[in-house]
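Each chain, letter by letter, is given below.
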Amino acid sequence: MAKVKYYYDSDTLSYRKIEVRKRDAFKKWSLFTLATALLALFFVFVSYQLFESPKEKAQKRELENLDLHYNLLNKKMEQVEKVLEGIQYRDNEIYRLYFEANPIPIEQRKAGFGGVNRYKSLEGFDNSEMIIDATKNMDILSKQLYIQSKSLDEIVNLAKDKESLLAAIPAIQPVRNQDLTRVASGYGWRSDPFTKARKRHKGMDFTAPTGTPIYATGNGKAVRVDSKASGFGNHIEIEHGYGYKTIYAHLSKYNIRAGKIVKRGDLIGFVGNTGRSVGPHLHYEVHKNGKAINPIDFYYGSLTPEEFEKILKTASQEGQSFD
Ligand SMILES: [Zn+2]
């Protein structure tokens, strides 16, 4: 039963009943309902803030797990980077140095990628910064590994080359020490045995009996085995590659034909007295990039220090060459 309300009318000096209009009642009721609904909403909202749903709890645990493992992975990435740094250091300071290759600067190895923003698709999320950082680090790491791998490929090739370069250099004496009578004449200014004029002797003369074996002094290919060069008589010319060439002159007999691939120490011919020669001897020349150089600098492969000292002394004596 609804309460009846009155008011005091001062004009009539009596109490009069307050008529509640239906429209006003509805308005009131609506307001009340709205307020209740708002209050309810407010409580739901607050309780969501204060208490987590089971789904939220699960998601939170997932996130914490992700975070933990993300940090662990980051630490591992740092360790990998340290190991790689060590390898890069050795690569620059030992391997590349040894094989006479220029070091690759660290800045160049670690350079990021310029130009377009490669990480645009990762932007716009709460964790964007974290993901972009990790992706960037991984990209730089991959690039460094690629450069390192290329550098090692290069070194493998240089090592192979170095081996064949070392094998090609004319590094031994063409006549065995025990077969030598003596080194008659070295490289440099000597009197010509025929004209007695001072002349530059472009090689080294080894006097030995006719028929003494002559050996190739480095790996290479015999490009000439003939007597058509003036003065040299029967002679052999070996191309070693890397700018090296050797000449063996005044031979009595050949042991190879032109075109033959020879190894250091192969028997190629025999000492003789053919061509412009005053006695059985081997005239031996070493050329580097088209210029005759002193063969004495190349015998480290076959002589003891005492032998080298002796040969150096005799060869540097000024006298007459055998040509
Ligand atoms: Zn000579």
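Structure first, text after, so check above.
One structure accompanies this document, and this report is about it.

Rules used in this analysis
- Residues numbered from 1 in each chain as written.
- Predicted model: local features only at pLDDT ≥ 70, side-chain atom pairs only at ≥ 80, totals over all residues.
- Heavy atoms only, no water.
- Helix = DSSP H or I, 4+ residues; strand = E, 2+ residues; numbered from the N terminus.
- Rg over C-alpha atoms; globule rule 2.2 N^0.38 Å.
- Buried < 20%, exposed > 50% of the residue type's maximum accessible area, 1.4 Å probe, protein only.
- Donors = N, O, S within 2.8 Å, 3.2 Å for Na, K, Ca; no water.
- Patch = residues over 30% accessible without salt bridge, like charges linked within 9 Å, V, L, I, M, F, W, Y side chains within 5 Å.
- Areas by Shrake-Rupley, 256 points an atom, 1.4 Å probe, with all protein chains shown as cover.
- Salt bridge = Lys/Arg side-chain N within 4 Å of Asp/Glu carboxyl O.
- Phe/Tyr/Trp six-rings, centres within 6.5 Å; stacked < 30°, edge-to-face > 60°.
- Lys NZ or Arg CZ within 6 Å of the ring centre and 35° of its normal.
- Core = buried A, V, L, I, M, F, W, Y, C linked by side-chain atoms within 4.5 Å.
- Contact = heavy atoms within 4.5 Å.

### Here's the deal with the overall build of the chain
Counting secondary structure elements, the chain contains five helices and 14 strands. By the compact-globule yardstick of 20 Å for 323 residues, the chain is too spread out, its C-alpha radius of gyration being 49 Å. C-alpha extents for the chain along the principal axes are approximately 165 × 35 × 30 Å. Relative to its 323 residues, the chain shows a buried fraction of 32%.

### Here's the deal with the coordination of the zinc ion
In the first shell of the zinc ion, the protein supplies His201 (NE2), Asp205 (OD) and His283 (ND1), at 1.9 to 2.1 Å from the metal. Taking relative accessible area as the criterion, His283 reaches 3% and is therefore assigned buried.

### Some points on a nonpolar patch on the surface
Taken together, the side chains of Val4, Tyr6, Tyr8, Leu13 and Tyr15 make up a nonpolar region of the molecular surface, amounting to roughly 620 Å² of accessible area. Tracing the sequence through the fold places Tyr8 in strand E1 (residues 6-9).

### Concerning the packing of aromatic side chains
Within the structure shown, the criterion is met by five aromatic pairs. Summarising the aromatic geometry, the rings of Tyr8 and Tyr15 are spaced 5.3 Å apart at their centres and angled 65° between planes, so their arrangement reads as edge-to-face. Judged by relative accessible area, which is 45%, Tyr8 ranks as partly exposed. For the pair Phe42 and Phe43, a centre-to-centre distance of 5.9 Å together with 65° between the ring planes defines the contact as edge-to-face. Under the relative-accessibility criterion, Phe42 is labelled partly exposed at 48%. On the basis of relative accessibility, which here comes to 52%, the residue Phe43 falls in the exposed class. Chaining the aromatic ring pairs together yields one cluster made of Phe206, Tyr248 and Tyr284. Above the ring of Phe270, the side-chain terminus of Lys253 is found at 5.3 Å from the ring centroid.

### Describing the nonpolar core
Soluble, globular proteins show a tendency: their nonpolar side chains are buried together. If you look at the biggest cluster of nonpolar residues, it comprises 26 residues, and the most contacted ones within it are Phe206, Ile214, Ile236, Tyr248, Ile268 and Leu282. Every element with two or more residues in this core is listed here: strand E6 (204-207), strand E8 (220-226), strand E9 (234-241), strand E10 (244-254), strand E12 (267-271) and strand E13 (281-288). Those residues within four positions of Ile268 in sequence are excluded, and the remaining contacts are Ile214, Tyr215, Ala216, Ile236, Ile238, Tyr248, Tyr254, Asn255, Ile256 and Val262.

### A closer look at the pattern of salt bridges
According to the stated counting rule, one finds 13 salt bridges in the structure shown. Where Asp226 meets Arg224, a salt bridge forms, and the shortest distance between an N and an O atom there is 3.2 Å. Here Lys245 and Glu237 are joined by a salt bridge, their closest N and O atoms 3.4 Å apart. Connected via shared salt-bridge partners are Asp192, Lys199, Arg276 and Asp323.

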